[in-house]
Each structure stands twice: as C-alpha cells, then as structure tokens.
Amino acid sequence: MGVLSKFDPDSVFAYNTVQTVEIRDRRLGLMNLLLVAAICVYVVMQLAMNGTYLAVNQVRGSGRFTLDQPVSNCSFDEREAGWPNCTGLCNAGEDGCFDVFPHVDTLAYCDQSPLPNNGRKKRTCRYEDSASASAVFQSSLLVATKGIALSQLKVCSASPADPLYQNGTCDVVYNTTVRDDYYYGAISNYTINVFHHIESPVTRTNTQMVGALHVKHNSAFCAAAEDAMVSFPNGRHTDKAPCYIPPIRGTYGSDQYTLTTLLAAADLSLDDWLFEGSPHTIRDEGTTLVFLVEYSNWDIWEVMFSTKEPRYTYSLTSFANNSFLSQEAIYNTYPGNRTVLQRFGVRFVVVQSGSLREFSFLNLLITLTTSLTLISVTTIIVDLISTKVMTDAHLYRDYKVRTTPDMEHVRKGIICATCGDRLVPLPVAVRGFCPLCESDIDPGSVAYHCSTCRHDRCQDCLGKTIINRKPAVDLQALCLKLYDKEGKGYLYEDELRAVERDCDGVAGDGKSLAAGIAAMDADERSRWTTILLEKNMSEQAKQPQHTIQGYAKMPIA
C-alpha cells in the first residue's frame, strides 16, 4: 500500500503540449499568411497539374507496321467514268480490288513526265505493289522511294576446282553488267498501317483505344486537313499548328495514314533537300523517322478517382542527314548470276512511351504530409525573421524564448524555479498546509519563500536534493537581517515596515536591535519572538493573496 499510495495517475498519464506565444504584430501575421497561402497554391498545383496523388505505371507493349498501295473497288475506267460507288475499302490482291496510281505524266520527278522538277533530279519511275516497295524489320518499316537494281555475274572464285579460280585471289568477285536506277512512282500515296498494344497495367490494342497524330509545326498541313483538332480527344476544329489528326481505321484494325501525312507531321516532304547544301533529296537518299506512340489516361487539371481508359498520340521526329539504305541479293542462278537490289527510302522506327495513372490514397497522403512539413517551415522562417532580423527582435525573443534558472541551484533550494530569485527559508510558527505538495507542515519545520513570485514551498517540495536546509534561527539573526540591504528585498513592503517597527521597539532607547536582544534574557527573547511572529501573521492576514495558511514570512540568515 505504501508504494501504491505514492502512485499519482495524473502524473503518469499527464499530457504534454506546446505552449504558443501570440505575437500581436500584423507584419508577422501577414507574412505568415502569405507564406502559408503560397504553400497551399503550390500543393494545389502539384495535385492538379502534376497529379502527385496518382500512382504512375509505365507502359509496356509492342508495335509494328505494314504498307499498302492505294486501292479501289473500281477500275481506272470506272473511276474516270465517275461511278458513284467507288471507294478504297478493299484488300489489295483480292478479286475486284484495283490499284490506284496516277498517270505518270503528272509526276514531275519522273523522266516520263514533261513537268519541270525545280532543279531536282529526275529518274524513270516504276509502279510497284507494297511487297516490292517495303521492307519490314523488327519494330520498323522501310518505305522505298528509290531503287537501284544491279545485274551481276560472278567472275572469280577461291576454289581451285572452280573454273573461275584465279591463282587463289580475286580483284573482283562479281561484275555488274546492268545498272537500273529508278523512283517508286506515287509512293507518297501509299498507306502505312500501324498496329500496337500495351500490357501494363491493362492490356489494350489500338482498336480498343482512341488516338490521333500530333502535327507540331506544319500549319499549312493543319489548314488543309478537314479533321484537324486543336486538342485531343475532344477538341474543336483548327486550321493552324499544333493540331491533332485522327487516323482512318483499317479493315484489320490498323491505324492508317499516308506517307505524305506522316512526313507532313514531321514537317518534311520527299522533295526536301537531305540537308542544307546537299545535292540530293530525301527521295534520293532516304531518312529515318522515330514514330513515337505516347500513352496516357490523365490530363492536367483532371480529377481522377478511378482508372480511366488509356488513349495515345502519334508524333514523328526526324534525324538530320540520316539517309537509309536496304540491300539484298537475289540469285537467279546460284552463285553465278544474281541481282543486287538496293532500296533507299523512309524508315519508320516505332517507340512506345508514356504512363497510365490510377488513384492512390498513399500518394495523396504523402503529398498532404509534405505540405504540412512545408507549412512548419513557414513558422521557422517567420520565427527567424522576428527574432533575428526585425527591429523589435529583442522583444520578440524575450516573449518567445524562456531561459530557465540554474537547475543545480533550483535542486538545492537556493533559487526559485519560476522567476530565478533567491528562496528565503522561513520557520513555520503553527501547523500549516503546503498547496504545492498538498501535505501538512509541522510547526518548527522550515519552508522556503519567494518574494517575487509570492509563493511558498515546504522542504518536502524541494525534494531530498536540497542540501541547504537550515533550522529556524534566533530573533537576533532575524532582526539583524532587516538592516541588510539584500535581506530587505525578501519581504513585501507592508511586511518590512511592520517588522522594522517591532524590531526597533525592542531596544526602546534607539539602539540597534542587535544590542537590545543581546541584553535580553531567555524569557524576554522568547516573548519578543512570539510578538513578532504574531504581528507578521496579522499583517499577512490582511493580504490573503500573498499568504499561505500557517506560514510566518520572515527572512532568515
């Protein structure tokens, strides 16, 4: 029971909190509000513009191309006759599906055409189907614009059994007998089919999504396109760049664009010079275009709490002075007779990028927690300005920073822990009650009094570490302390006047109190001690806000 009786639930389960100092200065208040407002705007911008509350999933997938020559379900004569049901909705190579090529006379880059070519080279043109005019590679496609066919005969061999053996060495292995340079006629009208799909975080093909081609700079092309949009997917019509052009959906689910359209999206044409000062055009030497497919399911300022369907955009980027050549050997009679086919053209390389987002409570919590941290930084900034920079910094520092007294002296009972002034030990005249430790105080014990804070402590309140406990001293030392400048500061003014008057009356003849007391016998000294204690307690009773029951406040040496 002894241990349990000392158990204080209020102390064990005490709640600690931070003390707040209210500085009534509009300069600091407005500064803090402006900083908090700026942080709130920043957090909103992060949430709305960058979608920091969303989880980001990088996409994975694949893409491929095919090439189709222009076709129609009507023959040339039927188209010339103006048949109303002629469309391009048929598959090349099937019955009733006809190739659509313009008359070669209308192609200025062809030798067969009388039209000028603006200083650019002219060559013989050939019409080829898509199989001859393309080469499919992994994630890329070559659309041939110029071909060189070399007919070659083998004239040398390293095998002694071969009639073509020439002393174990060869100056020339194959002799070119015929060279044929030509352009692929109307190649810009060919259709490029784009197929692609993604697998993370959802599985979708291009047929299950919506997309558009992004034309960044070519305003003339945007103006000529009837379906150009200012934004995607729900934009109004526009006639200037940048714009978005939706694809034509092919029979087998491909996105279809002509070569002309894709080159225009890269701000190019086949008749552009390969680079400034070059004698060759892109039609002569070819080029490489990066075909970027970028996926997304979120827009800036869009609030999203559930996963939305992905969409995609196409964009093209060219590499300056980057020609492309594909070469293959076709043997007519192996190994003696072959045809080497060199094809220059536009190579498309597909690259997939982008991300799909979904709502994440964890990301939202992290963003909000970060904002709270930033708000605490504003407090630090305002505190530093108020206590270090402003003209009234010393005042704000006094209000904000509280310096404790020397805790060693506090533990020893020398100074007050509240105000830092010296504590005065006081004898207890009658049985009293200490409001700090809520215990009775026996007469004859010593209490400690702080005249500045006007509160009392018994010895038990100071704890066992108080090493300067002193017993009550005699009246001589008590009254002598009144004539000490330091000792007078331990009493209130009314107490000081009352005790001084009584002490001076002891001598009677105007001598010092010390001399009067020295002449007293033990009984007289005891009588005056009682008088002074009662007088002091009577004066304290008139000021209840400064007294504690049972205490006689008198300085002691």
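Note: the structure precedes this text.
From a predicted model like this one, the values you see are computed outputs, not experimental measurements.

*Asks:* I tried to follow the overall build of the protein chain on my own but got confused; where do I start?
*Replies:* Scanning the protein chain from terminus to terminus reveals 17 helices and 23 strands. Burial statistics for the protein chain: of 557 residues in total, 39% are counted as buried. Nonlocal contacts in the protein chain, meaning residues at least 24 apart in sequence, comprise 65% of its contacts between residues at least 6 apart. Accessible area of the protein chain: about 31,600 Å², with a carbon and sulfur share of 54%.

*Asks:* Help me understand unusual backbone geometry, please; the structure alone is not making it clear to me.
*Replies:* Comment: phi is negative for the bulk of residues other than glycine, and the bulk of peptide bonds are trans. Each neighbour pair has its own omega, and for alanine 241 with proline 242 the value is 0 degrees, a cis peptide bond. Within the secondary structure, proline 242 is located in the loop between α6 (219-224) and β12 (243-245).

*Asks:* Teacher, can you tell me more about the packing of aromatic side chains here?
*Replies:* In this description, an aromatic ring pair is defined by two values, namely the gap between the centres and the angle between the planes. According to the stated counting rule, one finds 14 aromatic pairs in the structure shown. Measuring from centroid to centroid gives 5.2 Å for tyrosine 312 and tyrosine 314, while their planes differ by 50 degrees, and the two rings are tilted. This pair shows no difference in class: tyrosine 312 is buried, exactly as tyrosine 314 is. Chaining the aromatic ring pairs together yields one cluster made of Phe65, Tyr257, Phe291, Tyr295, Tyr312, Tyr314 and Phe348. Sitting over the ring of tyrosine 182, arginine 126 keeps its end group 3.9 Å from the ring centre. A cation sits over an aromatic face here: arginine 347 above phenylalanine 137, 5.7 Å from the ring centre.

*Asks:* What's the story with the pattern of salt bridges in this structure? I'm lost.
*Replies:* One side chain can pair with another of opposite charge once the charged atoms of both are near each other. Under the criterion given, the structure shown has 11 salt bridges. For arginine 27, the salt bridge identified is with aspartate 392, shortest N-O distance 3.5 Å. With arginine 27 in helix α3 (residues 26-49) and aspartate 392 in the loop between α9 (361-389) and α10 (393-400), the pair connects residues that are 365 residues apart, well separated along the chain. For arginine 27, a relative accessible area of 41% puts it in the partly exposed group. A salt bridge links arginine 126 to aspartate 180; its shortest N-O distance comes to 1.9 Å. Residue arginine 126 is found in strand β5 (residues 124-126), and its partner aspartate 180 is found in strand β8 (residues 174-184); the two are separated by 54 residues along the sequence. The class of arginine 126 is partly exposed, set by a relative accessible area of 29%. A network of salt bridges, in which partner residues are shared, links Arg123, Arg179, Asp181 and Asp284.

*Asks:* Before we go on, may I ask you to explain the side chain of serine 326 in this structure?
*Replies:* Structurally, serine 326 can be placed in strand β17 (residues 325-333). Owing to a relative accessible area of 12%, serine 326 belongs among the buried residues under this scheme. Other than its neighbours up to four places away in sequence, serine 326 contacts Phe137, Leu142, Leu341, Gln342 and Arg343.

*Asks:* Is there a simple way to think about the nonpolar core in this case?
*Replies:* Looking at soluble globular proteins, one finds that nonpolar side chains tend to be buried together. Residues Ile192, Phe291, Leu316 and Phe348 are the most contacted members of the largest nonpolar core, which totals 49 residues. Those residues in contact with phenylalanine 291 that sit more than four places away from it in its chain are Phe65, Val194, Leu262, Tyr314, Ser315, Leu316, Phe348, Val349, Val350 and Val351. Of all hydrophobic cores here, the second largest spans seven residues; its members include Ile39, Leu47, Tyr53 and Met304.

*Asks:* Quick question: what am I supposed to make of the state of the cysteines here?
*Replies:* Each disulfide is one covalent bond, formed between the sulfur atoms of two cysteines. Within this structure, the stated rule accounts for five disulfides. There is a disulfide in this structure between cysteine 222 and cysteine 243, and the S-S distance comes to 2.1 Å. The chirality of the disulfide connecting cysteine 222 with cysteine 243 is left-handed, given an S-S dihedral of about -80 degrees. One end of the pair, cysteine 222, is in helix α6; the other, cysteine 243, is in strand β12, with 21 residues separating them in the sequence.

*Asks:* Help me understand a nonpolar patch on the surface, please; the structure alone is not making it clear to me.
*Replies:* A cluster of nonpolar side chains, namely Val41, Val44, Met45, Ile300 and Trp301, defines an oily patch on the protein surface of about 480 Å² accessible area. By relative accessible area, valine 41 is classed as exposed at 51%.

*Asks:* Would you take a moment to explain the environment of tryptophan 273 for this structure?
*Replies:* Note that tryptophan 273 resides in the loop between α7 (259-265) and α8 (282-285). Classification of tryptophan 273 as partly exposed rests on a relative accessible area of 37%. Sequence separation of tryptophan 273 and arginine 120 is 153 residues, and the distance between their C-alpha atoms is 9.1 Å. Non-local contacts of tryptophan 273, meaning those with residues more than four positions away in its chain, are made with Gly119, Arg120, Ser278, Pro279, His280, Thr281 and Ile282.

*Asks:* Just to check I follow, could you spell out α3 for this structure?
*Replies:* Working note: α-helix, 3.6 residues per turn, so residues spaced by three or four point in the same direction. In this model, α3 (24 residues) spans 33 Å end to end at C-alpha, consistent with the 34 Å of a helix rising 1.5 Å per residue. Directly after α3, the chain includes glycine 51, whose backbone phi takes a positive value near 60 degrees.

What counts and what doesn't
- Residues numbered from 1 in each chain as written.
- Predicted model: local features only at pLDDT ≥ 70, side-chain atom pairs only at ≥ 80, totals over all residues.
- Heavy atoms only, no water.
- Helix = DSSP H or I, 4+ residues; strand = E, 2+ residues; numbered from the N terminus.
- Buried < 20%, exposed > 50% of the residue type's maximum accessible area, 1.4 Å probe, protein only.
- Contact = heavy atoms within 4.5 Å.
- Areas by Shrake-Rupley, 256 points an atom, 1.4 Å probe, with all protein chains shown as cover.
- Phe/Tyr/Trp six-rings, centres within 6.5 Å; stacked < 30°, edge-to-face > 60°.
- Lys NZ or Arg CZ within 6 Å of the ring centre and 35° of its normal.
- Salt bridge = Lys/Arg side-chain N within 4 Å of Asp/Glu carboxyl O.
- Core = buried A, V, L, I, M, F, W, Y, C linked by side-chain atoms within 4.5 Å.
- Disulfide = S-S within 2.5 Å.
- Patch = residues over 30% accessible without salt bridge, like charges linked within 9 Å, V, L, I, M, F, W, Y side chains within 5 Å.
- Expected span 1.5 Å × (residues − 1).

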